[in-house]
Amino acid sequence: MNQEVSIEQLFSVFDESAVLLGHALSITYLEALGETAENLFHGYVMQEELNDVDEKRLQKLYDNVNLERYSYSKELIRKSYQLAILKGMKEHVQPNHQMTPDSIGIFISYLMRKSNGSKRTFTLLDPAVGTGNLVMTVLNEFDEMVEAHGIDLDDVLLKLAYAGANLLQHPITLHNQDALEPLLIDPVDVVVCDLPIGYYPNDVRAAAYRLKADNGHSYAHHLFIEQSLNHIKPGGQLFFIIPNGLFESAEAKKLQSFLTEEAYIEGVIQLPESLFKNKQAAKSILMMRKKAPGVKKPKEVLLASMPSLTDKKAIANIMQKIDRWFSAQQKG
Ligand code: SAM
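Let us look at the structure shown here. The structure presented is a predicted model; accordingly, all values stated were derived computationally and were not measured.

A closer look at the site of the ligand
- Close contacts around the ligand come from 23 residues, with Thr100, Thr131, Asp152, Asp178 and Ala179 the closest.
- Within the side chain of Thr100, an N or O atom sits 2.8 Å from a nitrogen atom of the ligand.
- When the ligand is considered free in solution it has 600 Å² of accessible area, and contact with the protein chains removes 95% of it.
- When each cavity is represented as a set of grid points, the ligand is found to reside in the largest pocket.

Concerning the nonpolar core
- With 73 residues, the main nonpolar core has Phe14, Leu33, Ile108, Leu111, Met112 and Leu124 as its most contacted residues.
- For this core, the element with the highest residue contribution is helix H1 (residues 7-25), accounting for eight residues.
- Grouped together as the second largest cluster of nonpolar side chains are 32 residues, Ala128, Ala179, Tyr200 and Ile232 included.

Topic: the sheet that holds strand E9 (residues 283-290)
- Here eight strands make up an open sheet; going across it, the order is E3-E2-E1-E4-E7-E9-E8-E10 and the pairing mixed. Two strands in the sheet have a free side with no partner beyond their single neighbour: strand E3 (172-176) and strand E10 (302-305). Along the sheet, successive strands turn relative to each other by an average axial angle of 15 degrees, direction set aside.
- Two strands pair when backbone bridges link them, and strand E2 (residues 146-152) and E3 are joined in this way by five bridges, in the parallel orientation. The residue bridging Ile151 from the neighbouring strand is His175, located in E3.
- Contacts from helix H10 (residues 252-262) reach strand E8 (263-270) and E9 within the one sheet, and its direction differs from that of E8 by about 125 degrees.

About the criteria used
- Residues numbered from 1 in each chain as written.
- Predicted model: local features only at pLDDT ≥ 70, side-chain atom pairs only at ≥ 80, totals over all residues.
- Heavy atoms only, no water.
- Near = heavy atom within 4 Å.
- Polar contact = N/O pair within 3.5 Å; in protein donor to acceptor, adjacent residues only side chain to side chain.
- Areas by Shrake-Rupley, 256 points an atom, 1.4 Å probe, with all protein chains shown as cover.
- 1 Å grid on protein atoms, 1.4 Å probe; cavity = no way out; pocket = protein on both sides within 12 Å on 5 of 7 lines; lining within 4 Å.
- Sits in = over half its atoms within 2 Å of the grid points.
- Core = buried A, V, L, I, M, F, W, Y, C linked by side-chain atoms within 4.5 Å.
- Buried < 20%, exposed > 50% of the residue type's maximum accessible area, 1.4 Å probe, protein only.
- Helix = DSSP H or I, 4+ residues; strand = E, 2+ residues; numbered from the N terminus.
- Pairing = 2+ DSSP bridges.
- Axes fitted to C-alpha atoms, helices over the stretch in contact; angles between N-to-C directions.
- Contact = heavy atoms within 4.5 Å.

Written out as C-alpha cells, the structure is:
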C-alpha cells in the first residue's frame, strides 16, 4: 500500500520525536534522532525509561507514517532524515564533522557511473562515514548493486548512519574505530570520502605511513588518502572531497610524489563556492585510480570548476565537458 507523504511531513515526525526523546532522556537532539530512527525501523518505542504519556504520543506519531506498511521511496526517507540531521548539527557539531550535502553525493554517483562503465556491482568504502549521508546518497543511486563499509570514530554520528542504513535497507557494515589504525576490511573497488581536514594527534600511529610529517603532527587528510590506497584493489577508483588548497600546503610535495607512484589523478573538479560557508572552506572532488597492470594514465587530467547549481545553462556546459572527457578516455 502506498501513502502520500511529503518530505516535510516525514521530517516533522523525525523532529517531533527527537525533541520529545531529547527532553525525556536528557540527550542531545542528534542522539535522540538516532533513537528515533531505530524506533521507526522497528515500528515501536524502544526506550523503556519513558512515561506512558510520552510513549503513547510517540507511538501515535510512528503509526501515522508506518514505514513497514507504506512503501516510501528511499530518497524521501533519506531527505527527511537529512533535514533533521542538519537541524541537529546546527545545535552542536564540530566543523570537521559536518554532513556531506547530497548534491555532492549525487554528483559523485554520476562520476562513478561514468567511470565504472558496464560494471554493475561493486564494493565501496567510506573511511570517514560520519552520518552516512554521502554513502547513503550514493547507495540510493546504485541501490542493491553495492556492498559497502563505513568507518568513523564518532559514535553519535555512526549511530545515525547505522539507524539510517536500516531505514533505507542498505547493506552497509559500520566500524566504530580510528580509520588510520589497521583495518579488517578486504580491498574494495571504490572509495568515497569527505576527508576530515586537520592534524592527526597520534604521532606513533602516523609513523606507519609514508605521508607522515617530518616534524610535528601529520595531516589526517593525507594519511586518509594513503590508507584508502592501502585498502583499494589495483585499478580501483577513489573519490575524495578535498580542500581546494590540498596541493599547496607545506606537505604537498611529498603527497604529490606519493600519488605519482601509486595512482593516476584523473580529475580535480572544484565544487561551487555557494555550497560552503566561505571561499576558504570551499572544496573540490579529487578523482583518482590506483595503478595496476593494464590501467592507462589518462590522456589529460579533467580540470573543471562547477558553477552555481542554480545556473542551469552553465551546469549543462560543464556536464558536456565532463561527458566529452569520459568519451575520450574510453576511446583509448
Ligand atoms: N561524509 C560524512 C557524512 O555525510 O556525514 C561526513 C564526513 S565528515 C566531513 C568527516 C568525518 O571524519 C567525521 O565524521 C569524523 O568523525 C571522522 N573522522 C575524523 N578523524 C577520524 C579518524 N581518525 N578515524 C575515523 N573517522 C574519523
